Amino acid sequence: MSNVLVTGGARGIGSGIVFELAAAGHNVGFCGRATAETASDMLALLRQDHSGKFAYYQCDVSNAADRSKLLADFVADFGSLDVLINNAGVAPNVRADLLDMSEESFDRVMNINLKGPFMLTQEAAKIMLKDSNSGKFKCIINTGSVSADYASINRGEYCMSKAAVAMATKLFAVRLADEGICVYEIRPGVIKSDMTSVVTAKYDKMIADGLTLQRRWGMPQDVGKVAAALVNGSMAYSTGQVINVDGGLTIERF
């Protein structure tokens, strides 16, 4: 049983990760920008169906003070930090053409999708290293996106942030390998969530026309099951790797 912290865990892909980890028997703390009241129903459901310990924290991962408080509160509540899952992320508020992208949108997306998880990983790794003799498997998981490779000119800031997350995964995997901490990237494809709700009709058609080999939407629990396998140590000799959860979208074919 591990003590796992999931950012952006109150909805979408994050909630799928939290529920699958709970089903696997882990203790899970999760955070979001919304107030604790917003997560009360989710917490009640977790506690009703699972025996682990669960907690919600209000946190903006782009804010340094919030990040430090999040980690301090989590360790105080759970006793240790075994796994960090950097899942919090946003799409641009306005899907603007690349030539019209605003500096404000660029900064917002980069701060939440890249700077926040990068700096949080720095702090979390130092906490994990202090507990290196616990005997527990420790890892850091970043939620990336196929948009790291697939260019979308009306959300370029999102694509760039996810491409940078892919490199951050490699960097931390190299830095932490000798310390016994694995680092992974889960790379979802088209997942049904609040982020994709504004383009449901578009992707319904594309999936039906063969965008993915498996002709269905990905679901948050599809990502959650992969996260649970990584947390359980099932890929302990695969640090730095990308695990695609995309229904075969990224397979090149004629």
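Each chain has its residues counted from 1, following the order in which its sequence is written. Reporting in this predicted model follows two pLDDT cut-offs: at least 70 for local features of residues, and 80 or more for side-chain atom pairs to be given and counted; totals over whole chains, interfaces and linings ignore these cut-offs and use all residues. To get the side-chain values, take all heavy atoms of the structure and skip hydrogens and water.

A.B. asks: Residue-level account of the overall build of the protein, with values.
C.D. replies: Numbering of helices and strands starts at the N terminus; helices are DSSP runs of H or I of at least 4 residues and strands are runs of E of at least 2. Of regular secondary structure, the protein possesses seven helices and seven strands. A radius of gyration in this sense is built from C-alpha atoms; the matching globule rule multiplies 2.2 Å by the number of residues raised to 0.38. Since a compact globule built from 254 residues should have a radius of gyration of about 18 Å, the 18 Å found for the protein is in line with a globular shape. By principal-axis analysis of the C-alpha atoms, the protein measures approximately 50 × 40 × 35 Å. The long-range share in the protein, meaning contacts at least 24 apart out of those at least 6 apart in sequence, stands at 74%. Under the convention used here, a 1.4 Å probe and the Shrake-Rupley method define accessible areas, while residue burial counts only the protein chains that appear. Accessible surface computed for the protein: about 12,200 Å², of which carbon and sulfur atoms make up 53%. Should any heavy atoms of two residues lie within 4.5 Å, those residues are considered in contact.

A.B. asks: Hey, could you go over the side chain of N3 for me, with residue numbers and the actual values?
C.D. replies: Relative to the helices and strands, N3 is located in strand β1 (residues 3-7). Burial here depends on accessible area, computed with a 1.4 Å probe over protein chains only, as a share of the maximum for the residue type. Under 20% is buried, over 50% is exposed, and the range in between is partly exposed. A relative accessible area of 4% means that N3 is categorised as buried. Pairing of N or O atoms within 3.5 Å defines a polar contact, subject to two protein rules: one partner must be a possible hydrogen donor and the other a possible acceptor, and residues neighboring in sequence count only if both atoms are side-chain atoms. Within the structure, N3 has its side chain in polar contact with the side chain of N27 (distance 3.0 Å). A polar contact of 3.0 Å, which involves the side chain of N3, links it to the side chain of S80.

A.B. asks: So what's going on with the layout of surface pockets? Residues and values would help.
C.D. replies: Using a 1 Å grid laid over the protein atoms alone, points where a 1.4 Å probe fits but cannot get out form a cavity; open sets with protein on both sides within 12 Å along at least 5 of 7 lines form a pocket; any residue with an atom within 4 Å of a point counts as lining. Grid points are joined across faces, edges and corners, and a volume is the space filled by probe spheres set on the points. Considering only enclosed or pocket space, the largest pocket measures out at about 1,000 Å³ in volume. In terms of lining residues, the largest pocket is bounded by 49 residues, among which I13, G89, Y158, S193 and M195 are the most central. The set of elements that each furnish at least two residues to the lining of the largest pocket consists of α1 (12-23), β2 (27-32), α5 (156-176) and α6 (200-208). For the lining of the largest pocket, the per-class residue count stands at 24 nonpolar, 17 polar and eight charged. Residue polarity is assigned by list, with Asp, Glu, Lys and Arg as charged and Ala, Val, Leu, Ile, Met, Phe, Trp, Tyr, Cys and Pro as nonpolar; anything else, Gly included, falls into the polar class.

A.B. asks: Kindly report on the packing of aromatic side chains, identifying the contributing residues and their values.
C.D. replies: Note on aromatic contacts: the rings of Phe and Tyr and the six-membered ring of Trp form a pair at centre separations within 6.5 Å, being stacked when their planes are under 30 degrees apart, edge-to-face when over 60 apart, and tilted otherwise. Under the definition given, this model contains four aromatic pairs. Note on F74 and F78: the rings are 4.4 Å apart at their centroids and 20° apart in plane angle, and the pair reads as stacked. A residue pair is termed a helical-turn pair when its members lie 3 or 4 positions apart in one helix, as F74 and F78 do in helix α3 (residues 64-78) at four residues. For the residue pair F74 and F78, the accessibility class agrees, reading buried in each case. For a ring to carry a charge above it, either NZ of a lysine or CZ of an arginine must fall within 6 Å of the ring centroid while also lying within 35 degrees of the normal to the ring plane. Positioned over the ring face of W217 is K192, at 4.0 Å from the centre of the ring.

A.B. asks: Lay out the pattern of salt bridges with the relevant residues and their values.
C.D. replies: The rule for a salt bridge is simple: a side-chain nitrogen of Lys or Arg has to be within 4 Å of a carboxyl oxygen of Asp or Glu. Following the criterion strictly, the structure yields eleven salt bridges and no others. A salt bridge links R187 to D149, with the shortest nitrogen-to-oxygen separation between them at 3.0 Å. Of the two residues, R187 sits in strand β6 (residues 181-188) while D149 sits in the loop between β5 (138-143) and α5, which places them 38 residues apart along the sequence. Accessibility expressed as a relative area gives 60% for D149, which makes it exposed. For R187, a relative accessible area of 10% translates into the label buried. Sharing partners across several salt bridges, the network here consists of D82, D131, K136 and K138.

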